[in-house]
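Survey of secondary and tertiary structure
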Amino acid sequence: MRQISYSQAINEALAEELQRDENVILYGQDVGAWGGIFNVTTGLMDRFGNDRVFDFPISENVLVGAGVGAAIMGMRPVAELQYADFLLTAADEIFLKAGMWRFMHGGAFKVPLVVRLPSGSTSAGPEHSTCPEAYVMHSPGLLCAVPSTPADAKGLLKEAIRNDNPVMYFEHRLLYQKKGEVPDGDVVVPFGKAAIRREGDAITIVAWQLMLQRALKAAEMLAADGISVEIIDPRTLTPFDWDTVIESVKKTGACLVVEEGYRSLGVGAEIGATLFEKALPWLDKPFRRIATPDVPIAASRQLSDRVIASSDVIYATVREMLR
């Protein structure tokens, strides 16, 4: 199986879907002429023309609103916001239009819209460094994909483009250069099916994207101490694969959620609450979560590293939980 980068996998998925379906269009700020500020869409305008891959003015609410209208009229638009933080700039069109209009109008139409959202702390300052997945998980009508590997980056994006519901597709900027095995052919990854990235019996760790990579590194450190942890990558947060997480907790008796989003009312809080409702008899140890403190992300790498969980922090937390 060939090895390609996370960004190449996204590029391949976009190219294959543009080739497969003439109703697919791709647009955003600089996605055409420059290939995006992260070079993820390089070459797609040259290949498919500027009527299907094109740049858009800096007006996020209009950008997403145009996608909602195009989706309702039968297109399958893929809109890119330069930073995931900007989904709040386009909040009306994302949460109240894309998410609600299918229900508001009695199912008269579908809204097959994908919004690509580059996320993650890259020392770009408070307005460009967050992981706001919890906003989407909280909002009815929206699906939320959080690919952690190149294979999932491609497979989940292809599934998102073919889905008849609006999908918020978070792609982590610090994973763009990460390489991994990606299968050949038209392979899609279904929504709502988590992946067990490492099997173990001492504790269940739920993590995704950059935090998954750091959790896997912590698991190696813990293995040297004779501690076997199970690591679950949810792959999508909406729908969420509760069955896989609960079955894992039944085996391990403990759960730690590691996320890069803010702690208060975060994804980890929802996972913990659901485990208390559905898996409390199997929790032998208090549920724990690691998340970013409720402070703005600094533009300084030294300061942002102080608040984003490291593998050492994950390692120390597991040791404390199992003490």
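Along every chain, residues carry numbers that run from 1 in the direction the sequence is written. Local features are withheld for residues below a pLDDT of 70 in this predicted model, meaning they are given only at 70 or higher, and side-chain atom pairs are given and counted only at 80 or more; totals for whole chains, interfaces and linings count all residues. The side-chain values count all of the structure's non-hydrogen atoms but skip hydrogen atoms and water molecules.

This part is about the overall build of the chain. A tally of helices and strands in the chain yields 12 helices and 14 strands. With the principal axes as the frame, the chain shows a C-alpha extent of 60 × 40 × 40 Å. Relative accessibility under 20% of the residue-type maximum defines a buried residue, over 50% an exposed one, and the middle range a partly exposed one, all with a 1.4 Å probe and only protein chains included. By residue count, 57% of the 323 residues in the chain fall in the buried class. The contact definition used throughout considers only heavy atoms, calling two residues in contact when any of these lie within 4.5 Å. Here the analysis covers contacts within the chain between residues at least 6 apart in sequence; of these, 82% occur between residues at least 24 apart. Each accessible area is a Shrake-Rupley estimate made with a 1.4 Å probe; only the visible protein chains count as cover when residues are assessed. For the chain, the accessible surface area stands at approximately 13300 Å², while carbon and sulfur atoms represent 52% of it. Of the charged side chains in the chain, 32 are positive and 41 negative; the average position of the first set lies 4 Å away from that of the second. Runs of H or I in DSSP of at least four residues are treated as helices and runs of E of at least two as strands, each being numbered from the N terminus. When charges are counted, Lys and Arg contribute as positive and Asp and Glu as negative, whereas His and the chain ends are disregarded. Here the site of a charge means atom NZ of a Lys, CZ of an Arg, CG of an Asp or CD of a Glu.

What follows deals with the pairing of strand β13 (residues 255-262). For β13, the tally of buried residues reaches seven of eight residues, placing the bulk of the element in the interior. Between any two strands, pairing holds if DSSP finds at least two bridges. Note: strand β10 (residues 203-207) against β13, four bridges, orientation parallel. Directly across from V206, in β13, lies its bridge partner V257. Taken together, the four bridges between β13 and strand β14 (residues 288-292) define a ladder with parallel strand orientation. Of the residues in β14, the one forming a bridge with L256 is R288. By convention, a crossover is right-handed whenever its connection, traced from the first strand over the helix to the second and viewed with the strands pointing away, goes clockwise. The parallel pair β13 and β14 is bridged by helix α10 (residues 267-278), and the resulting crossover is right-handed.

Inspection of the secondary structure assignment puts S7 in helix α1 (residues 6-20). A residue is classified by how much of its surface remains accessible, and S7, at 10% relative accessible area, is buried. Leave out the neighbours within four places in its chain, and S7 touches V40, Y176 and Q177.

Geometry of aromatic contacts follows a simple scheme: Phe, Tyr and Trp rings, the Trp one being its six-membered ring, pair when their centres are within 6.5 Å, and the pair is stacked under 30 degrees between planes, edge-to-face over 60, tilted otherwise. Taken as a whole and judged by the stated rule, the model has eight aromatic pairs. With 5.6 Å between their ring centres and 40° between their planes, F38 and Y176 make a pair best called tilted. Of this pair, F38 sits in the loop between β2 (24-28) and α2 (44-48) while Y176 is found in the loop between β7 (167-172) and β8 (179-181), placing the two residues 138 residues apart along the sequence. Assessed through its relative accessible area of 23%, F38 is described here as partly exposed. Judged by centre distance (5.6 Å) and plane angle (70°), the ring pair of Y83 and F86 falls under edge-to-face.

For a helix, the expected span equals 1.5 Å multiplied by the residue count minus one. Compared with an ideal rise of 1.5 Å per residue, which puts 13 residues at 18 Å, helix α7 (residues 150-162) spans 19 Å between its outermost C-alpha atoms and is within 8% of the ideal. The element α7 is largely enclosed, with a buried count of 10 among its 13 residues. Within α7 the residues assigned to the buried category are P150, D152, A153, K154, G155, L156, L157, K158, A160 and I161.

What follows is about the side chain of K97. For K97, the location among the structural elements is in helix α4 (residues 91-98). If near-sequence neighbours (up to four positions away) are discounted, K97 is found in contact with V68 and D92.

What follows is about the pattern of salt bridges. In what follows, salt bridge is the name for a side-chain nitrogen of Lys or Arg lying within 4 Å of a carboxyl oxygen of Asp or Glu. As enumerated under the stated definition, the model contains 24 salt bridges in all. K154 is paired through a salt bridge with E12; the nearest N and O atoms lie 2.8 Å apart. Taken as a pair, K154 in helix α7 and E12 in helix α1 lie far apart in primary sequence, 142 residues in all. Taking the relative accessible area as the measure of exposure, E12 reaches 21% and is therefore partly exposed. For D186, the salt bridge is made with K158, and the minimal N-O distance between the two is 3.1 Å. In this pair, D186 is assigned in the loop between β8 and β9 (195-198) and K158 in helix α7, connecting sequence segments 28 residues apart.

We now examine the nonpolar core. Here, nonpolar core refers to any group of buried Ala, Val, Leu, Ile, Met, Phe, Trp, Tyr and Cys residues whose side-chain atoms link them within 4.5 Å. The biggest cluster of nonpolar side chains holds 47 residues, and the ones touching the most others in it are V64, L81, I94, I271 and L275. Here L275 is in contact with V245, I246, V249, C255, L280, L283 and F287, once residues within four sequence places are set aside.

Time to look at the sheet that holds β7. As summarised here, the arrangement of the seven strands in space is β3-β2-β4-β5-β7-β6-β12, forming an open sheet in which the pairing is mixed. The two strands at the open ends of the sheet, each matched to only one other strand, are β3 (53-55) and β12 (236-238). Along the sheet, successive strands turn relative to each other by an average axial angle of 20°, direction set aside. Note that strand β4 (residues 76-80) and strand β5 (residues 114-119) share three bridges and pair parallel. Its bridge partner lying in β5, A79 is registered against V115. In this description, a line fitted to the C-alpha atoms serves as the axis of each element, helices being fitted only across the stretch in contact, and the angle between N-to-C directions of two axes falls anywhere from 0 to 180 degrees.

Our focus in this paragraph is α1. Between its first and last C-alpha atoms α1 spans 21 Å; for 15 residues at 1.5 Å apiece the expected length is 21 Å, and the two agree. The set of residues buried in α1 consists of Y6, S7, A9, I10, N11, A13, L14, A15, E17 and L18.

Moving on: the sheet that holds β9. Taken together, five strands build an open sheet; the order of strands is β9-β11-β10-β13-β14 and the sheet is mixed. Because the sheet does not close on itself, it has two edges, and the strands there are β9 and β14. Averaged over all neighbouring strand pairs, the angle between strand axes comes to 25°, with direction disregarded. Of the strand pairs in this sheet, β9 and strand β11 (residues 229-233) are connected by three bridges, and their pairing is antiparallel. Residue pairing for β11: R198 is matched across the bridge by I231. Contacting β9, β10, β11 and β13, helix α8 (residues 210-223) crosses the sheet at an angle of about 170° to β11.

Function cannot be inferred from these measures alone, as they are strictly geometric.
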